[in-house]
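Observations on the three-dimensional arrangement
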Amino acid sequence: MQSRTLATLTLALLCCSAVLGAQATPQTTGAPVPGPAAQRPQPSATPPRDPNGNPNAQQPTGTGVIRGRVTAADSGVPVRRAQVRINSAEGRVTQGTNTDGDGLYEFPKLPAGRYTITVSRSGYVNLQFGQQRPFEPGKPLQLSDGEVAEKIDFALPRGGVITGRITDEVGEPIAGVQVMAMRYQYTPDGQRRLSPANTGPNFSGGTNDLGQFRIYGLMPGSYVLSATSRDLTMMMGGPNMTVVNSTTDPNNGYVTTYYPGTPNPDEAQALAVTLGQEASAFFSLVPARMSRVSGVVRTSDGRAASGYFISLRTVTAGMNAGVGGTQVGADGTFRLASVPPGEHFLDVQSMFGRGGPMTTSTPGSPPPEPEFASVPFSVSGQDIDGLVITTTTGTTISGHVSFEATGATARPTGGPNPMRLFAAQADPGPGAYFGMNTADNGIVDENGRFQIRGAGGRIVLRWSGPQGWFLKSVTMNGTDITDVPLDVRASTQSTDLEVVVTDRQTTVSGIVKDSRGQPVKDYVVAILPDGLKEGISASRFIRIVRPDQNGQYKTAALPPGAYVAFAVETLDQGGLYDPAYQQEMKPRGKGFRLEDGQTLTLDLQLVQ
């Protein structure tokens, strides 16, 4: 009988077990004293299901099983109706189920592979299998054919809570204020920005009629609170609604305010939160004079953009925040009221896909392409009237896909999702946009042709298709632009792209040893590109990898090239994108080069 080592999952000072045992046939749990073994109760939870709610979703099956129990860390009591989700690293399997009254769950008939397992329940911290610290990814679970992974148990700790009260400048409560817990972290462009703390089931909440709010399920850590009050009814006033800002009271609205009561995020005070404990925050919103923005939206051929929607996107603390909008009127006019001071974008898109609801076309011909626009502006209490916005169809990107196959299959076949090329944002900053998208955009036809309509901004092309096939190259006029941002802000046609997709996959795997040469099982491997040319998008060349339960790490589909890898005990969320951290760690890492389709064993030493 094969057994696996027990693992302990620790968050802050509270221990939560994620215990793993496995054998070729189902295992029973023994009694704590000598005697007959007691049969482990079988779960009566609902069967695993497609988390997207698609009853017809076809997923591969096999002979493996993952099962376990979820309990409360503070009491050991089974947690009923906890949500358990599994995802295979190869992207072939995505399933979810709920625990039964005994806290049990099970995923039967699984194919071999590496799986991530995530457990969540209202009021508790979300956990992944193998997770030992806040804000770090869990470990993959390696499952073999016919293997029963038994006792994949989770002890969920109670999450931290932030409660408080929001008032106006004279101490009266304000209802409907959106309060959000946020954290500073580095983003792929190397900038440190505030980001929503997606660490629990409820990282934001609205105030009630007493101005009270409650945010729960938080990981231990430090959080910045933001509070935003919007009169969305006023902001989303229709084209025939007259909205007049007060001229007698210049402070007729409130800006986004950060605890303890400042409009400047750099002056915010962080709140420390621990597991199962409550922190309090009471503060007042900062009043400010709101602005009114009105104008007209025209399509590229001069028509009124009837049936389009215009939305306001605010740049706050280096991130985007959608705060409302309105439908463009039949005559193309729009009004937005209660626009706070700051930097914003007006984004215009068709509400009903291709052509919008008010367009006509010649019988038998396709409807006109949808159009879009994104216009930056800033206000500091003044009104903007007569703004003219002209939409565009954006760029149409088309080309041909060639398949480079090493096996018997000349090109990908089957699978629940079609093969497609899509435009991805090259710049993650607050001003990024890439125009329109529709359900059939970028699909590769039987002749290998594709067309991406309505692209805009700075983009890179990416591939989506059956498991085992990867983007190798994108060339334009003979120049490799696979990871070179393409600026398609102008309405131009690009019809000469050649895309190569391959089934030749690179693989890097290995183990990590400490300074004494002993293997370690808890670590993080970071992989960075070495010597990328200036202007290259580095996103495909960066990896953060956790080891499986046996202490082996593995990552696949890195593009060929030169790299540096290093292993550390822990790495903060987003920490690898810190330019100073990269500069410090690269000289301490191990350099290597990957060739096309290469399988590389790379053992590392833990960096102390």
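What comes next is a walk through the structure.

Calculation rules
Residues numbered from 1 in each chain as written. Predicted model: local features only at pLDDT ≥ 70, side-chain atom pairs only at ≥ 80, totals over all residues. Heavy atoms only, no water. Salt bridge = Lys/Arg side-chain N within 4 Å of Asp/Glu carboxyl O. Helix = DSSP H or I, 4+ residues; strand = E, 2+ residues; numbered from the N terminus. Buried < 20%, exposed > 50% of the residue type's maximum accessible area, 1.4 Å probe, protein only. Core = buried A, V, L, I, M, F, W, Y, C linked by side-chain atoms within 4.5 Å. Contact = heavy atoms within 4.5 Å. Pairing = 2+ DSSP bridges. Axes fitted to C-alpha atoms, helices over the stretch in contact; angles between N-to-C directions. Phe/Tyr/Trp six-rings, centres within 6.5 Å; stacked < 30°, edge-to-face > 60°. Lys NZ or Arg CZ within 6 Å of the ring centre and 35° of its normal.

**Some words on the pattern of salt bridges**
Within this structure, the stated rule accounts for 21 salt bridges. For Arg462, the salt bridge identified is with Asp483, shortest N-O distance 2.9 Å. One end of the pair, Arg462, is in strand S34 (residues 458–464); the other, Asp483, is in the loop between strand S36 (479–480) and strand S37 (486–487), and 21 residues separate them in sequence. The class for Arg462 is buried, based on a relative accessible area of 11%. On the basis of relative accessibility, which here comes to 6%, the residue Asp483 falls in the buried class. Its salt-bridge partner being Lys472, residue Asp596 comes within 3.4 Å of it at the nearest N-O pair. In this pair, Asp596 sits in the loop between strand S46 (590–594) and strand S47 (599–601) while Lys472 sits in strand S35 (residues 470–476), placing the two residues 124 residues apart along the sequence. Assessed through its relative accessible area of 26%, Asp596 is described here as partly exposed. Judged by its relative accessible area of 33%, Lys472 is partly exposed.

**With respect to the nonpolar core**
Core analysis: the largest hydrophobic core is formed by 48 residues, its most contacted members being Ile66, Ile117, Ile162 and Leu225. Once residues lying within four places of it in the same chain are set aside, the contact partners of Ile117 are Ile66, Val84, Arg85, Ile86, Tyr105, Leu127, Gln128, Phe129, Leu141, Ile152 and Phe154.

**Concerning unusual backbone geometry**
With an omega of 15 degrees, the peptide bond running from Tyr259 to Pro260 counts as cis. Position of Pro260 among the secondary structure elements: in the loop between strand S20 (257–258) and strand S21 (271–273). The residue Ala557 is not glycine, and still its phi comes out positive at about 70 degrees. Here Ala557 is to be found in the loop between strand S44 (553–556) and strand S45 (561–568).

**Topic: the sheet that holds strand S24 (residues 291–298)**
What the three strands build is an open sheet, ordered S27-S24-S30; its pairing is mixed. What marks the edges here is a single partner per strand, and that holds for strand S27 (333–339) and strand S30 (384–390). Across the sheet, the mean angle separating the axes of adjacent strands is 25 degrees when strand polarity is ignored. Strand direction decides the pairing type here: S24 and S27, joined by five bridges, are antiparallel. Along S27, the bridge assignment pairs Val293 with Leu336.

**Looking at the packing of aromatic side chains**
Tallied over the entire structure, the rule returns eight aromatic pairs. Relative to Phe592, the ring of Tyr563 has its centre 5.5 Å away and its plane inclined at 15 degrees; by these criteria the two rings are stacked. With Tyr563 in strand S45 and Phe592 in strand S46, this residue pair connects regions lying 29 residues apart in the sequence. An identical accessibility class is assigned to Tyr563 and Phe592; each is buried. Note that Arg183 overlies the ring of Phe135, its terminal NZ or CZ placed 3.6 Å from the centroid. Lying across the ring of Phe345, Arg313 places its NZ or CZ 4.4 Å from the centre.

**Observations concerning the sheet that holds strand S48 (residues 604–605)**
Sheet architecture is open: three strands sit in the order S41-S40-S48, paired in mixed fashion. Two strands close off the open sheet at either side, each with one partner strand: strand S41 (519–520) and S48. Examined bridge by bridge, strand S40 (residues 512–513) and S48 share two bridges and lie parallel to one another. Residue pairing in the sheet places Val512 in a bridge with Leu604 of S48.

**So, the environment of Phe450**
Mapped onto the elements of the fold, Phe450 is located in strand S33 (residues 449–455). Separated by 49 residues in sequence, Phe450 and Val499 place their C-alpha atoms 9.9 Å apart. Non-local contacts of Phe450, meaning those with residues more than four positions away in its chain, are made with Ile397, Ser398, Gly399, His400, Val401, Leu421, Gly442, Ile443, Val444, Leu461, Leu497 and Val499.

**Remarks on the pairing of strand S4 (residues 64–72)**
Of all the nine residues making up S4, eight are buried; the element is thus mostly covered by neighbouring parts of the structure. As defined by bridge partners, S4 adjoins strand S7 (residues 104–110) across five bridges and the pair is classed as antiparallel. If you follow Arg67 over to S7, its bridge partner there is Glu106. Of the strand pairs in this sheet, S4 and strand S11 (residues 148–150) are connected by two bridges, and their pairing is parallel. Each bridged residue has a counterpart across the sheet, and for Ile66 the counterpart in S11 is Ala149. As paired elements, S4 and strand S12 (residues 154–156) share three bridges and run parallel to each other. Each residue of the ladder has a partner; that of Ala72, found in S12, is Leu156.

**Brief notes about the pairing of strand S13 (residues 160–167)**
Burial analysis of S13 places seven of its eight residues in the buried class, which makes it a mostly covered element. As judged from the five bridges shared by S13 and strand S17 (residues 212–218), these two strands associate in the antiparallel manner. Bridge pairing in S17 links Thr163 to Arg214. Note: S13 against strand S22 (residues 278–284), seven bridges, orientation parallel. When the sheet's bridge partners are listed, Ile166 is paired in S22 with Phe283.

Fair warning: the whole summary comes from geometry, so function is off the table for now.
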